[in-house]
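Here is how the chains run, residue by residue.
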Amino acid sequence: MSGPSLSPRALLHLLFNGARAVDVVQAALQMGLLDALERGPVSLGELAARHGLIPGRLYKLLDCLESLGLVRREQPSDALVEARYTAAPGLRAAADVVLGPGSLERDRERYAWRALRGRLPEVLRGAVSVPAADFAWPPSTPEQVASFEASMAAGLGPIVEAFRAHAGRLWRDGARLLDVGGGDGTLAAHLLEQRSGLHATVYNLPATEPLVARTREARGLGARLGFTAGDFLREPLPGGHDAISFVRVLHDWPAETARALMRAAHAALPPGGQILISEEFRTPERLAAQFFWSYLLMGVDSCVSRLREVEFYTSALRELGFQGIEVLPGPFEIVVGIKR
C-alpha cells in the first residue's frame, strides 16, 4: 500500500512500540479481521457486528493498523461506524508467515540474540560476541547442522513459489539438478514434486546426509532425490548435471568465494547447462526480512552474510562466460545463466 514515507520520529515511535504492534496484528489475524479487510472495503460497523466487537475499541485497533501502513481508511462522515477500511494487498498471507503457527520469526527466537541486547556498543568494539556454543559458523556438530538446516527450511516458502512460477522455463523432462548447499533436501523435494521428470542431487557436507535421507523417505521420492557429500569450499563441484543451483548460499561468503563458486559451476556444467542463483539480494524488502540475522551476526565474525545487489551476480556470470543471463521475477528472484 503506497503512501508517504514516515519521518524518522514517526518510525521510531512505531519501533519503540514494536511488541504492541505485533500484538495488534496477531489479534487481527486470530479474529479473522484480516480476511475481512482483504475483501474490503468494509465498514467499521460491519466488522464490529460480524465479530461481536465494541465499535469504539475496534476503531482504535484499526488506527494502530493504519499507523503501521497495513490498512487504508476512508471516512465519508464523522460517524465511526461509517469508516471503511481496506487491507494492504497480501497482508493476510504476510501475517500468517511472520506471526502464524509456522512463523519464521518465532523460529529465530531460539538463537542467542539476547546475548547482544543492550550491549551493542561493546559488541561493535569487539568486547562482546555471540557465544560460540550458541551459534557456530559453519555448523560443526550433528546437532548444530540439524538445527541450522531446519531453520533454513522454514523460510523456503517464497523460494519454492518462485521456482514453481518458472518451472516450465527451467526444467525439461529428465533434467538433472545439483543443488549446492541444499540443506536437508527440502527445496529439492519441492522441485521434484513440481516436476515429475526432474532428478535432483543435494551436494552438501557429509553431516547432512541423514537429513536428506529423512526427507527422501518422508516425501517418498526414492532415487529421484540423491545426495553427494563434499565441501564446496575445498573440492570441485560434481559434474553430470544439466543445472546447478545456489539457493541462499553465495551471500554467506566473501565476494571472491562467491565468484569462485560460480566459476566452479561453469567448470562442472556441460555446454547448454544452466546456473540458477536465488539469493538474499539487497532490496528494502529483503533487508527488512533479514533484520534478525543482521542483528545476530553483529556478534559473529566468522559469518560474512552480506546482501548484495543482483547486479553483482549478473556481472560475475557475464565475466565468467555465461550467456543468456536473465533475472526471473518472483518473491525471490532467480538469476539464470547458460554455459555455451
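Here the structure is shown first, and the text comes after it.
Residues numbered from 1 in each chain as written. Predicted model: local features only at pLDDT ≥ 70, side-chain atom pairs only at ≥ 80, totals over all residues. Heavy atoms only, no water.

Novice: What am I meant to see in the packing of aromatic side chains here?
Specialist: Geometrically, a pair of aromatic rings is defined through the distance of the ring centres and the angle of the planes. For the structure shown, the criterion picks out ten aromatic pairs. Seen from their ring centres, Tyr111 and Trp293 are 5.1 Å apart, and the 65° between their planes marks the pair as edge-to-face. Here the residue Tyr111 occupies a position in the loop between helix H7 (104-108) and helix H8 (120-124), and Trp293 occupies one in helix H16 (residues 291-296), the gap between them amounting to 182 residues. The residues Tyr111 and Trp293 share a single accessibility class, namely buried. Here the aromatic rings of Phe292 and Trp293 are separated by 5.3 Å at their centres, their planes lie at 80°, and the arrangement is edge-to-face. What makes Trp293 buried here is its relative accessible area of 9%. Positioned above the aromatic ring of Phe332, the side-chain terminus of Arg286 is 4.1 Å from the ring centre. (Phe/Tyr/Trp six-rings, centres within 6.5 Å; stacked < 30°, edge-to-face > 60°. Helix = DSSP H or I, 4+ residues; strand = E, 2+ residues; numbered from the N terminus. Buried < 20%, exposed > 50% of the residue type's maximum accessible area, 1.4 Å probe, protein only. Lys NZ or Arg CZ within 6 Å of the ring centre and 35° of its normal.)

Novice: Any chance you could explain the sheet that holds strand S1 (residues 42-43) here in plain terms?
Specialist: Either a parallel or an antiparallel arrangement is found when strands of a sheet pair, and the pairing is made through backbone hydrogen bonds. In space, the three strands of this open sheet follow the order S1-S3-S2, with antiparallel pairing throughout. Lying at the two open borders of the sheet, with one neighbouring strand each, are S1 and strand S2 (71-74). In this structure, S1 lies alongside strand S3 (residues 84-87), joined through two bridges in antiparallel fashion. Counterpart to Ser43 in the pairing with S3 is Arg84. (Pairing = 2+ DSSP bridges.)

Novice: Sorry, what's going on with the pattern of salt bridges here?
Specialist: Side-chain pairs of opposite charge can arise whenever the charged atoms involved come near each other. Counting across every chain of the model gives 14 salt bridges. As a salt-bridge pair, Asp35 and Arg92 come within 3.2 Å of each other at their nearest N and O atoms. With Asp35 in helix H3 (residues 33-38) and Arg92 in helix H6 (residues 91-99), this pair connects stretches of sequence that are 57 residues apart. The closest approach of N and O atoms between Arg169 and Glu326, which form a salt bridge, is 2.7 Å. With a gap of 157 residues between them, Arg169 in helix H11 (residues 167-170) and Glu326 in strand S9 (residues 322-328) connect regions that are remote in the sequence. Judged by its relative accessible area of 32%, Arg169 falls in the partly exposed class. (Salt bridge = Lys/Arg side-chain N within 4 Å of Asp/Glu carboxyl O.)

Novice: Is there a simple way to explain a nonpolar patch on the surface in this structure?
Specialist: A contiguous nonpolar surface patch, about 400 Å² in accessible area, is contributed by Leu6, Leu11, Leu12 and Leu15. With relative accessibility at 41%, the residue Leu11 sits in the partly exposed group. (Patch = residues over 30% accessible without salt bridge, like charges linked within 9 Å, V, L, I, M, F, W, Y side chains within 5 Å. Areas by Shrake-Rupley, 256 points an atom, 1.4 Å probe, with all protein chains shown as cover.)

Novice: How should the packing of helix H4 (residues 44-51) against helix H5 (residues 55-67) be read in this particular structure?
Specialist: Between two packed helices, the angle of one axis relative to the other and the distance separating the axes together describe the packing. For the pair H4 and H5, the least separation of the axes is 10 Å and the interaxial angle reads 115°. By the criterion of interaxial angle, the relationship of H4 to H5 is roughly perpendicular. H5 is crossed by H4, and the crossing has right-handed handedness. Residues Leu44, Leu47 and Ala48 of H4 lie in contact with H5, whose contacting residues are Pro55, Leu58, Tyr59 and Leu62. Across the contact of H4 with H5, the residue classes tally to seven nonpolar, no polar and no charged. (Axes fitted to C-alpha atoms, helices over the stretch in contact; angles between N-to-C directions. Parallel < 35°, antiparallel > 145°, perpendicular 65-115°, else oblique. Left-handed = near helix turned anticlockwise from the far one by under 90°. Contact = heavy atoms within 4.5 Å. Nonpolar A, V, L, I, M, F, W, Y, C, P; charged D, E, K, R; others polar.)

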